[in-house]
2 protein chains.
Amino acid sequence: MFSEFDLVRRHFTRPATHTDLAVGDDAALFRVAPDMQLAVTTDTLVAGTHFFYDTSPHGLGWKTLAVNLSDLAAMGAAPRWATLALTLPAADEGWISAFAEGFFDCAGRYGVELVGGDTTRGPLAMTVALFGEVPAGQAITRAGGQPGDDLWISGCPGLAALGLMCLQNRVRLIDADLALAALHRPVPRVEMGEALRGIAHAMIDVSDGLAGDLAHLCECSGLGALLDTRMLPLAPLIAAGADDALACRTVLAGGDDYELLFSASPAARDTLATLARKLGLPLARIGQLTAETGAILLADGSGGSPRPLDVCGYDHFASLPR
Amino acid sequence: MFSEFDLVRRHFTRPATHTDLAVGDDAALFRVAPDMQLAVTTDTLVAGTHFFYDTSPHGLGWKTLAVNLSDLAAMGAAPRWATLALTLPAADEGWISAFAEGFFDCAGRYGVELVGGDTTRGPLAMTVALFGEVPAGQAITRAGGQPGDDLWISGCPGLAALGLMCLQNRVRLIDADLALAALHRPVPRVEMGEALRGIAHAMIDVSDGLAGDLAHLCECSGLGALLDTRMLPLAPLIAAGADDALACRTVLAGGDDYELLFSASPAARDTLATLARKLGLPLARIGQLTAETGAILLADGSGGSPRPLDVCGYDHFASLPR
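Residues numbered from 1 in each chain as written. Chains lettered and ligands numbered in written order. Predicted model: local features only at pLDDT ≥ 70, side-chain atom pairs only at ≥ 80, totals over all residues. Heavy atoms only, no water.

Bringing the pattern of salt bridges into the picture now. Pairing between side chains of opposite charge can happen when their charged atoms approach one another. This model, assessed by the stated rule, comprises 22 salt bridges over all chains. One salt-bridge network, held together by shared partners, links Asp25 and Asp26 of chain A together with Arg142 of chain B. (Salt bridge = Lys/Arg side-chain N within 4 Å of Asp/Glu carboxyl O.)

The following block contains the structure:
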């Protein structure tokens, strides 16, 4: 059995290039460029709440960082540094080694340096704090939406929720692998987030379900929204094996998606289509922001009145996954 | 029952003065002055490992931040911003309210703004990431020790360990209140840490026991140390009710102290005496750094050869407190 200090040193020390002093002292030291704001976020994953105890440590290492990267992407910030606080029930070196590999796979992919951390004993959980840079004044908040803005969503919201239902034997899929990959190894939309600076008016990352996170964006912008079910990106879910109703439900209320939901002027449609092609990431235009504060409505294309959208975001204290 | 979002908003949102965008978006935004390095640290407290389940939430809120402040103090950095990741078994508003009050008591005392966080459901634990500023190039690391430097320790190392033993009915104290206050509401040495810039050559915060943390400082500086038992600050422990042997043991191996251990030139003795008086914080000169790499020795004043110091720092995986 290795001591806490050995474990940290052995698996979590990597060479640093843009950090003045990384892991190993009381605090890390780095510099932020003078024309930049620092963007800071933190997210915790807890065994039994956010993942099953038998989840692969490699995937978990990746996801621990990825969920935080998604938050920075939603500000249009470039990720740079992270700390990792790891609570472990035992000093299982195989587990720790695989977790560290997954973590550094993700960190390397997005240019993040691990600058510090803490290892404690207790029920399995991990908290990352992630720091990025964004040119001063150019961050994309939730508050900048304008009435008449188009609403856009990236990628495949709902796919991770399908993956979870599949694990729980609540649905049988034609293509479970894709849904399980979305659940276990989400791809944070870092490049898209940065590219949307100067284009998106308001942005949020969809981690608690599209409907719930749309409500947050509308509240912060002081607006309402009108979605159109016919414009929701249901095709990937239906291709994976969901029926229409399930696809619609998981797109709107899924959770664990880590897609970007943003608003932009209708004049930006061509620019966004070009950007989507360039980055290989589909963007779906799903509705628009309205001046009717707090009214979040869903039209179904039948010609009838739009109905209020059931905002059922994922809330750890209101609805546990099991 | 309140939802996760309500809880966060209700108790953890305070006005910000030196933060551009605080709690409530995907990430916080703030600026670091151009001539400053950012100093970053993170520490987790886990129920059952670092504190008893019935610990007062107010004290726990204070301590959660204080243990991180101690790390920044040990770099000579000025604390400025924090994030808080809180994992709770239930949405108990009374507990959360008291915890938040303790947290903000400490934050207000040291000029820290809470800029973001995450609330999750699971076994009780809290992780703070704390960010401070230090003039570029002036941080005090563990690595700057010089042979012949005096070794100094602040305050009353060992007192918190006595408090823990008292709670566990392993010792009866004359003055338990002082020891329990040291355990439950440690006072981070923030002002002293900053004042030591330009004076201390190497510094570390003593959270894992003086002997163990001295070993870290020596290892990073590539040196050894010679302590003198007669110079250890035993008086406060003896006044609290410990006998000589217990006082010596807890000073050297206590843990949970959050005092500053640092080295400085013998030429700085007068300056340090003045500083100690000015800040009302005793500094004890307990020995010196030696050129004998890795040799950490303890003399007892008997005139015999110094003996190797038993380095028994607190390690979560090697020795649980219960």
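Here the narrative resumes, following the displayed structure.
Another point: the domain arrangement of chain A. Residue and element names in this part refer to chain A. Domain annotation of chain A identifies domain 1 (4-135) and domain 2 (150-308). One C-alpha centre belongs to domain 1, the other to domain 2, and the line joining them spans 27 Å. Listed per partner, the contact involves 21 residues of domain 1 and 21 residues of domain 2. With both sides pooled, the region where domain 1 packs onto domain 2 buries about 1,700 Å², and carbon together with sulfur makes up 61% of that total. Across the domain 1-domain 2 interface, the total number found is 2 salt bridges. A salt bridge links aspartate 256 to lysine 63; its shortest N-O distance comes to 2.8 Å. Viewed at the interface, domain 2 and domain 1 are joined by 6 residue pairs in polar contact (both at pLDDT 80 or more). Every element with two or more residues in the side of domain 1 that touches domain 2 is listed here: α2 (57-73), β3 (78-88) and β5 (125-135). Per-element accounting of the side of domain 1 that touches domain 2 gives the leading share, 10 residues, to α2. Class assignment for the residues of the side of domain 1 that touches domain 2 results in 13 nonpolar, 5 polar and 3 charged. (Domains from an automatic or database assignment. Contact = heavy atoms within 4.5 Å. Buried area = accessible area lost by both parts, 1.4 Å probe. Polar contact = N/O pair within 3.5 Å; in protein donor to acceptor, adjacent residues only side chain to side chain. Helix = DSSP H or I, 4+ residues; strand = E, 2+ residues; numbered from the N terminus. Nonpolar A, V, L, I, M, F, W, Y, C, P; charged D, E, K, R; others polar.)

Here we come to the relation of the copies chain A and chain B. Of the transformation superimposing chain A on chain B, the axial component is 0.0 Å and the angular component is 180 degrees, with the fit at an RMSD of 0.0 Å. Both copies are brought into coincidence by an operation consistent with a two-fold rotation axis. For chain A, the smallest separation between a C-alpha atom and the rotation axis is recorded for proline 34 of chain A, amounting to 2.5 Å. Most of the interface of chain A is mirrored in chain B, where 99% of its interface residues are also at the interface. (Least-squares fit on C-alpha atoms with pLDDT ≥ 70 in both.)

The mixed open sheet is built from 5 strands, whose spatial order is β4(A)-β3(A)-β5(A)-β2(A)-β1(B). A strand with exactly one partner marks an edge of an open sheet, and here the two such strands are β4 (113-121) of chain A together with β1 (28-30) of chain B. When the angles between neighbouring strand axes are averaged without regard to direction, this sheet yields 20 degrees. For β3 of chain A and β4 of chain A, the ladder comprises 8 bridges, and the chain directions are parallel. What sits directly across from threonine 83 of chain A, in β4 of chain A, is glycine 116 of chain A. α2 of chain A rests against β2 (36-46), β3 and β5 of chain A of the sheet, and its axis sits at about 140 degrees to β2 of chain A. Contacts from helix α3 (residues 93-109) of chain A reach β3, β4 and β5 of chain A, with the element oriented near 165 degrees to β3 of chain A. (Pairing = 2+ DSSP bridges. Axes fitted to C-alpha atoms, helices over the stretch in contact; angles between N-to-C directions.)

This next bit is on helix α4 (residues 159-167) of chain A. For an α-helix, 3.6 residues make a turn, and residues three or four places apart therefore share a direction. Residues and elements named next belong to chain A. With 7 of 9 residues buried, α4 lies mostly within the body of the structure. Those residues of α4 lying buried are Leu159, Ala160, Ala161, Leu162, Gly163, Met165 and Cys166. Contacts made by the buried residues of α4 are with α5 (176-184), α8 (235-240) and α9 (244-253). (Buried < 20%, exposed > 50% of the residue type's maximum accessible area, 1.4 Å probe, protein only.)

The interface is formed by 69 residues belonging to chain A together with 68 residues belonging to chain B. Of the roughly 5,400 Å² buried between chain A and chain B on both sides combined, carbon and sulfur atoms contribute 59%. Connecting chain A to chain B are 4 salt bridges. Between arginine 142 of chain A and aspartate 26 of chain B there is a salt bridge, and its shortest N-O distance comes to 3.2 Å. Inspection of the region where chain A meets chain B yields 18 residue pairs in polar contact (both at pLDDT 80 or more). Tallying contributions element by element places β2 of chain A first for the side of chain A that touches chain B, with 10 residues. Here the side of chain A that touches chain B is composed, by residue class, of 36 nonpolar, 18 polar and 15 charged. Sheet analysis places strand β1 (residues 28-30) of chain A next to strand β2 (residues 36-46) of chain B, joined by 3 bridges and oriented antiparallel. In the strand pairing of β2 of chain B, leucine 29 of chain A is matched with alanine 39 of chain B.

Residues and elements named next belong to chain A. The residue serine 265 is located in the loop between β9 (259-264) and α10 (269-279) in this model. Setting aside its immediate chain neighbours within four residues, serine 265 contacts Asp149, Asp150 and His201. At 3.0 Å, the side chain of serine 265 forms a polar contact with the backbone nitrogen of alanine 267.

So, on to the sheet that holds strand β7 (residues 200-206) of chain B. Residue and element names in this part refer to chain B. With mixed pairing, the 7 strands of this open sheet are ordered in space as β7-β9-β6-β10-β8-β11-β12. Looking at strand neighbours, the two that pair on one side only are β7 and β12 (307-308), the edges of this open sheet. The sheet contact formed by strand β6 (residues 150-154) and strand β10 (residues 283-290) spans 5 bridges and is antiparallel. Directly across from aspartate 150, in β10, lies its bridge partner glutamine 288.

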